[in-house]
Each structure stands twice: as structure tokens, then as C-alpha cells.
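One letter stands for each residue in the lines below.
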Amino acid sequence: MKTLSLLLGTILVASLTGCSPPERGNTAAFTLPPGNAAHGEELFRHYQCLSCHTMEGYERPEVLDESGVSVELGGKVPRLKKYQELVISVINPSHRIAQGFDPGEVVRSGESIMPSYNDVMTVTDLVDLITFLESKYELEPYEYTQYEGFYH
């Protein structure tokens, strides 16, 4: 009986430590299910993202929001945006302000001027929108470092 208790205790400890949640802040394992980019594009237009954003191949509406802000999305970039960055940018736009913008232009009362869609958009909508946005980024070509003596 003592051996059985020891064995069960060992299994319990092993199973609990093997199933521990990732550390807070560790987003490496965070992904949503695959989405529908075509539906994401419809949502991009429906939520009028082009009133504050620009994207190659899409025309901005004549009537823009009052902020006058123009944040570029997609295109050729020196580094790809992490999937998690795109998700966080939509669900918590105040998390990080886009580089190159004066916080006085894009922040009001401590919050990003980008509206929150958390109570409007379904999780499926979020997944589809992120799938669409992710497909619009392209890594700029870059030159590989030549290491003399290592490769022949």
C-alpha cells in the first residue's frame, strides 16, 4: 500500500508540473486557430480600418476620422510582426503606440485613439481579421552576412 501511495504521489506531481501554464508574459505559444483571410478583409472594410490606417492596394475613404492619423499596415517590412503583436494591437491598442507617432496625436486620456472592438467583434472575427492582416506583410529582402573561412 505504501508503494502504491508513493507511485500515485509521484504521478500526481509529474502530471501537475508537466501541465503548468506558461509564464505570464511568455506569448511564444499563444496562437488562435487558423482563420479566413477573405472574411478578415470584409471585416477590415466593415470596421472602417482605413479611416486611420493605410494599406497598399486599398483606397482610403474620402471622409476620415477627425484624428487625421495615418498608420500604415502591411507591405514590405524589415522584420515581420509577430502574430501575437497583431492580436494585441487589435484587442489592446493602448498596449504599444505605433513607432514614429507623437503620443499627443494618438493618445487621449492615456488611451490609444484606436477604438476598442472587444465588445463588438466575435473571436471568430478577430481570428479572421488577424489572418488577413498577417497575410499583408512581406519581409524585405536582406543580404546575408558573409562569414569568411566558414563556408567554401
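Cut-offs used in this document
- Residues numbered from 1 in each chain as written.
- Predicted model: local features only at pLDDT ≥ 70, side-chain atom pairs only at ≥ 80, totals over all residues.
- Heavy atoms only, no water.
- Buried < 20%, exposed > 50% of the residue type's maximum accessible area, 1.4 Å probe, protein only.
- Helix = DSSP H or I, 4+ residues; strand = E, 2+ residues; numbered from the N terminus.
- Arc of directions from axis to C-beta.
- Contact = heavy atoms within 4.5 Å.
- Polar contact = N/O pair within 3.5 Å; in protein donor to acceptor, adjacent residues only side chain to side chain.
- Axes fitted to C-alpha atoms, helices over the stretch in contact; angles between N-to-C directions.
- Parallel < 35°, antiparallel > 145°, perpendicular 65-115°, else oblique.
- Left-handed = near helix turned anticlockwise from the far one by under 90°.
- Nonpolar A, V, L, I, M, F, W, Y, C, P; charged D, E, K, R; others polar.
- Disulfide = S-S within 2.5 Å.
- pLDDT = per-residue confidence, 0-100.
- Lys, Arg positive; Asp, Glu negative; His and termini not counted.
- Salt bridge = Lys/Arg side-chain N within 4 Å of Asp/Glu carboxyl O.

Colleague: Looking at this structure, I do not really get helix H2 (residues 37-46). What am I missing?
Modeller: Helical geometry note: an α-helix holds 3.6 residues per turn, so side chains three or four residues apart project in the same direction. Within the span of H2, buried status applies to Gly 40, Leu 43 and Phe 44. Seen end-on, H2 carries its buried residues on one side only, within an arc spanning 105°. Residues Glu 42 and His 46 are exposed on H2 and point more than 90 degrees away from its buried face. Among the structural elements, strand E1 (53-55), strand E2 (71-73) and helix H5 (123-135) are those in contact with the buried residues of H2. The N-cap residue of H2 is Asn 36: its side-chain oxygen and the backbone nitrogen of Ala 38 are 2.9 Å apart. Gln 48 lies just past H2 and shows a positive phi near 55°.

Colleague: How should the packing of helix H3 (residues 83-91) against H5 be read in this particular structure?
Modeller: A pair of packed helices is captured by two measures, namely the crossing angle of their axes and the spacing between those axes. Interhelical geometry of H3 versus H5 gives an angle of 125° and a closest axis separation of 10 Å. Considering their axes alone, H3 and H5 lie oblique with respect to each other. H5 is crossed by H3, and the crossing has right-handed handedness. Here Tyr 83, Leu 86, Val 87, Val 90 and Ile 91 of H3 come into contact with H5, specifically with Leu 126, Leu 129, Ile 130, Leu 133 and Glu 134. Classifying every residue of the contact of H3 with H5 gives nine nonpolar, no polar and one charged.

Colleague: When you look at the state of the cysteines in this model, what are you seeing that I'm missing?
Modeller: Put plainly, a disulfide is one covalent bond tying together the sulfur atoms of two cysteines. As enumerated under the stated definition, the model contains zero disulfides in all. We note that Cys 49 lacks a disulfide partner, and the nearest cysteine sulfur, in Cys 52, lies 9.0 Å from it. Residue classification places Cys 49 among the buried residues on the basis of a relative accessible area of 16%. Judged by relative accessible area, Cys 52 falls into the buried class, the value being 17%.

Colleague: How should I be thinking about the confidence of the model for the protein chain in this particular structure?
Modeller: Atom-level detail of predicted coordinates should not be read off regions where pLDDT is low. In the predicted model, the protein chain carries a mean pLDDT of 75, and 72% of its residues have values of at least 70. Looking at the elements of the protein chain, mean pLDDT is at its lowest for helix H1 (residues 2-18), recorded as 42, and at its highest for H2, recorded as 95. Contacts for the low-pLDDT stretch residues 3-22, under 50 throughout, to residues beyond four places or in other chains number zero contacts.

Colleague: Looking at this model, I keep getting lost on the side chain of Asp 125. Mind explaining?
Modeller: Tracing the backbone shows Asp 125 in helix H5. Here Asp 125 is buried and forms no salt bridge, its nearest opposite-charge partner Arg 45 lying at an N-O distance of 15 Å. Dropping the residues within four chain positions of it, Asp 125 is found in contact with His 39, Leu 43 and Tyr 47.

Colleague: Even after reading the chapter, I still don't get the environment of Val 87, so can you show me in this structure?
Modeller: Take Val 87: it is sitting in helix H3. A relative accessible area of 1% means that Val 87 is categorised as buried. Put simply, Val 87 and Val 127 are 40 residues apart on the chain and 8.4 Å apart in space, counted from C-alpha to C-alpha. Setting aside residues up to four positions removed in sequence, Val 87 forms contacts with Phe 30, Leu 32, Leu 126 and Ile 130.

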